[in-house]
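Chain and residue survey
The chain contents come next:
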Amino acid sequence: ERSNLAGVRHILLVLSGKGGVGKSTISTELALSLRHSGKKVGILDVDLCGPSIPRMFRVQDNDVHQCDSGWVPVFVDQDKSISLMSIGFLLEKPDDAVVWRGPKKNALIKQFVADVAWGDLDFLIVDTPPGTSDEHISTVEALRPYKPLGAILVTTPQAVSVGDVRRELTFCKKTGLRVLGIVENMSGFVCPHCSECTNIFSKGGGEELAKHTGVPFLGCVPLDPQLSQSLEEGRDFIQEFPKSSAFPALAHIAQQILDGALQRSS
Amino acid sequence: QVALLDIDICGPSIPKMMGLEGEQVHQSGSGWSPVYVEENLGVMSVGFLLSSPDDAVIWRGPKKNGLIKQFLRDVDWGEVDYLIVDTPPGTSDEHLSIVQYLSAAHIDGAVIITTPQEVSLQDVRKEINFCHKVKLPIIGVVENMSGFICPKCKNESQIFPPTTGGAEKMCQNLNVSLLGKVPLDPQIGRSCDKGQSFLSEAPESPATSSYRNIIQRIEEYCDQHHFQEEKII
C-alpha cells in the first residue's frame, strides 16, 4: 500500500524555540513563494493548541473530508497548488480550546503525518508550535522514514529569542534533523511615513547565532504592516505586494530552499 | 514579597530577563532556594538547572509535569505576597498541571496577554475558553505591542493591525476586562536582553505608564478579591 507521503518530494519543518516569532508567517510566505515558482505545496500545521495556518489562507471555515486513503487536505484555491491540513479544520467552533495532554496530541500528530492524502507535492512544509516537546518529538519521529530535507529555524533578533532558538538547534542535532538555516524575523521596521528604520526588537541576533553555530543564515525579514495585514485577511502577499519591504527577503529565503532542494535531488 | 515561577520548561526566558543568567539553584534543609534578584523578589526557572545555554529540554508532558510539581513542592519560597507564574503558549500539560497542582492553594486569577491582530486573538479566545473550562478566574487581558510611535516623525503605525477590533472588541464580546494596552518600545527588548528593569531604565516611556496602570489594576483586583474572601470567612 502506497504511503500518503510517497508523492511528496521534499519535506521541511519550520521550528523555533520561541513563541510569537513568526513561524506560521514564514511557513505561509514560503508556501506562497514556492507556488509562484510553479511548485505544488502542502502545509501541515501541527500546532494543535494555536493553529494559525487556515486563517492565513482565508479558509478557516472549511471542513475536512475523508477519502479512501484518509483525509483530503483543504485546497486554498481552484488551481489546487496549495493544500493544508490543520486541527483548525476539525474544531466544531473556532474558539474551542484543545486542552490535551501529550499522549492525545501525539496520537493526532501520527495521524496527520500518515493519514492525509496529499497526492503529489513538490514541498510539504510542517509548521510547528514553539518548544521542544511532544509535538516536536512525535513529528520528527513520524517523519524520519521519509527523510525530511531539513528544518528552518525562525527567531526575532533579540537575545531572549535567540536564547531559546539555540536550544532548538540542539534539538535538531539530537534528533538528527538537518538545519537548512536561520531566519531573523521582525528585523527592523521602516516607518511608512518618514522611512526611518527602528530596530524595535533589536538587530543581528539571528545572524550572529547562525555564524556562531556554523548554520546557514537565510536572511532578515523586516516588520512590514502590509505583510501583517495580508496575513490577517488571508491574502497572497507575494503576489499582491512585490514592492513591499518584506518581499525581497521572503523571496530570497524561498530561492535558497529551492536551490537546496535541487542540490539534494541531484 | 514577590515570587516569580517560570514554568516554560522548553523556553525559559525569565533568568535572562532578570539578569540572572548563569545562576544556579542551591539546596538547603528546607528545599530549593529561589534565586533572588532583590531581597523581595525571588525567581525559579528550569533555566537555573541547565549547565549550558545550548542545553535543550526535550521532554514529553509527564516529565514536564513532574518538574512543575517539584517547583511547587520543593522550592522554599518563604512568606510571599504574590506568586506570579509565567507560562508557555498553549493549553496543554503545563497549563493543566499548574491549575491542578495549585487548586488546593488559591489562584486569584489569570492575566492573559495578546497582540492586537486576529491571528493572535483567535488563540487567545481559546485560552479564555481554557480558563472557563478549568474554572480559573480571569483578572483581565493585556494588549501588548499595541502600536508603535516612530521616534523621528512621531507618527503611529499599527505594525500588528487590530483588523477585528483588537483586544478591546474581544474583551467586550467575551465579557472580560481589558487591563490595558502596551505600545511597542525598542527599549523594552533591550532591557530584557540586558536583564535590566525597563521600568527603571525608561521611566518616561509611554510603555512604562501603561505597565504601571496595568499592574495597579491587577493589585486592585487581588486586594478586592481578598477582602471579599475575608468577608466570607
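Residues numbered from 1 in each chain as written. Chains lettered and ligands numbered in written order. Predicted model: local features only at pLDDT ≥ 70, side-chain atom pairs only at ≥ 80, totals over all residues. Heavy atoms only, no water.

An unreviewed UniProt entry annotates chain B as NUBP1 factor originating from Sagittarius serpentarius.

An unreviewed UniProt entry annotates chain A as NUBP2 factor originating from Sagittarius serpentarius. On record in UniProt, under Subunit (unreviewed entry), the comment for chain A is "Heterotetramer of 2 NUBP1 and 2 NUBP2 chains. Interacts with KIFC1. Interacts with NUBP1." (UniProt positions renumbered as here; feature names shortened; annotations may be inferred.)

Residues and elements named next belong to chain B. Enumeration over the complete set of coordinates arrives at five aromatic pairs over all chains. Plain terms: the ring middles of Trp32 and Phe71 are 6.0 Å apart, the flat faces sit at 70 degrees to each other, and that makes the pair edge-to-face. Highlighted residues: Trp32 in strand β3 (residues 31-33) and Phe71 in helix α2 (residues 61-74), separated in sequence by 39 residues. Across this residue pair, the class does not change: Trp32 and Phe71 are buried. (Phe/Tyr/Trp six-rings, centres within 6.5 Å; stacked < 30°, edge-to-face > 60°. Helix = DSSP H or I, 4+ residues; strand = E, 2+ residues; numbered from the N terminus. Buried < 20%, exposed > 50% of the residue type's maximum accessible area, 1.4 Å probe, protein only.)

This paragraph deals with the sheet that holds strand β8 (residues 138-143) of chain B. Residue and element names in this part refer to chain B. Sheet architecture is open: three strands sit in the order β7-β8-β11, paired in parallel fashion. Two strands bound the open sheet, and with one partner strand each, they are β7 (110-114) and β11 (178-181). Sheet twist, expressed as the mean angle between neighbouring strand axes with direction ignored, is 20 degrees. Across five bridges, the pairing between β7 and β8 is parallel. Each residue of the ladder has a partner; that of Ile113, found in β8, is Val142. Relative to β7, helix α4 (residues 118-133) is tilted by about 165 degrees, and along the sheet it contacts β7 and β8. Strands β7, β8 and β11 of the sheet are contacted by helix α5 (residues 166-174), whose axis makes an angle of about 155 degrees with β8. (Pairing = 2+ DSSP bridges. Axes fitted to C-alpha atoms, helices over the stretch in contact; angles between N-to-C directions. Contact = heavy atoms within 4.5 Å.)

Residue and element names in this part refer to chain B. The four strands lie next to each other as β4-β5-β1-β6, forming an open sheet whose pairing is mixed. The open sheet has two edge strands, β4 (35-38) and β6 (82-86), and neither has a second partner. This sheet shows a mean twist of 25 degrees between the axes of neighbouring strands, independent of strand direction. When strand β1 (residues 2-6) meets β6, the two strands line up parallel, connected through five bridges. Paired with Val2 across the two strands is Tyr82, which belongs to β6.

Here we come to the side chain of B:Lys64. You can see B:Lys64 is positioned in helix α2. For B:Lys64, a relative accessible area of 5% gives the class buried. Those residues in contact with B:Lys64, other than ones at most four positions away along the chain, are A:Ser133, B:Ile9, B:Cys10, B:Trp59 and B:Glu94.

Okay, the pairing of strand β1 (residues 8-15) of chain A next. All names here are of chain A. The element β1 is largely enclosed, with a buried count of seven among its eight residues. Two elements, β1 and strand β7 (residues 121-127), share six bridges in a ladder whose sense is parallel. Its bridge partner being in β7, Leu12 is matched across the sheet by Ile125. Bridge count for β1 against strand β8 (residues 150-155) is four bridges, and the pairing is parallel. Note that in β8 the partner of Val14 across the bridge is Ile152.

What follows is about empty space enclosed by the protein. All names here are of chain A. With the rule as written, the count across this model stands at one cavity of 30 Å³ or more. In this model, the largest cavity occupies a volume close to 30 Å³. Together, Ile26, Glu29, Leu30, Ser33, Leu250 and Ile253 line the largest cavity. Listed by contribution, the elements that provide at least two residues to the lining of the largest cavity are α1 (23-36) and α9 (247-265). The dominant element in the lining of the largest cavity, judged by the number of residues it contributes, is α1, at four residues. (1 Å grid on protein atoms, 1.4 Å probe; cavity = no way out; pocket = protein on both sides within 12 Å on 5 of 7 lines; lining within 4 Å. Points joined across faces, edges and corners; volume = space filled by probe spheres on them.)

Contacts between chain A and chain B engage 55 residues on the former and 56 residues on the latter. The three residues of chain A that bury the most area against chain B are A:Arg101, A:Arg167 and A:Glu232, which together make up 16% of that side's buried surface. Taken together, the connections running from chain A to chain B amount to five salt bridges. Across the pair A:Arg55 and B:Glu118 runs a salt bridge whose closest N-O atoms are separated by 3.9 Å. At nine residues, helix α5 (residues 159-175) of chain A tops the list of elements feeding residues into the side of chain A that touches chain B. Of the residues belonging to the side of chain A that touches chain B, the class tally is 23 nonpolar, 18 polar and 14 charged. (Buried area = accessible area lost by both parts, 1.4 Å probe. Salt bridge = Lys/Arg side-chain N within 4 Å of Asp/Glu carboxyl O. Nonpolar A, V, L, I, M, F, W, Y, C, P; charged D, E, K, R; others polar.)

Evaluated as defined, the whole model comprises 18 salt bridges over all chains. Where A:Asp236 meets A:Arg35, a salt bridge forms, and the shortest distance between an N and an O atom there is 3.3 Å. A residue pair is termed long-range when its members are at least 10 positions apart, and A:Asp236 in the loop between α7 (225-233) and α8 (237-240) and A:Arg35 in helix α1 qualify at 201 residues. Of the two residues examined, A:Asp236 and A:Arg35, each falls in the buried class. Note that B:Lys64 is salt-bridged to B:Glu94, the shortest N-O span being 2.8 Å. Remark: B:Glu94 occurs in helix α3 (residues 93-101) and B:Lys64 occurs in helix α2; sequence separation between them is 30 residues. For B:Glu94, a relative accessible area of 6% translates into the label buried. Via salt bridges that share partners, A:Arg35, A:Asp77, A:Asp79 and A:Asp236 belong to a single interconnected network.

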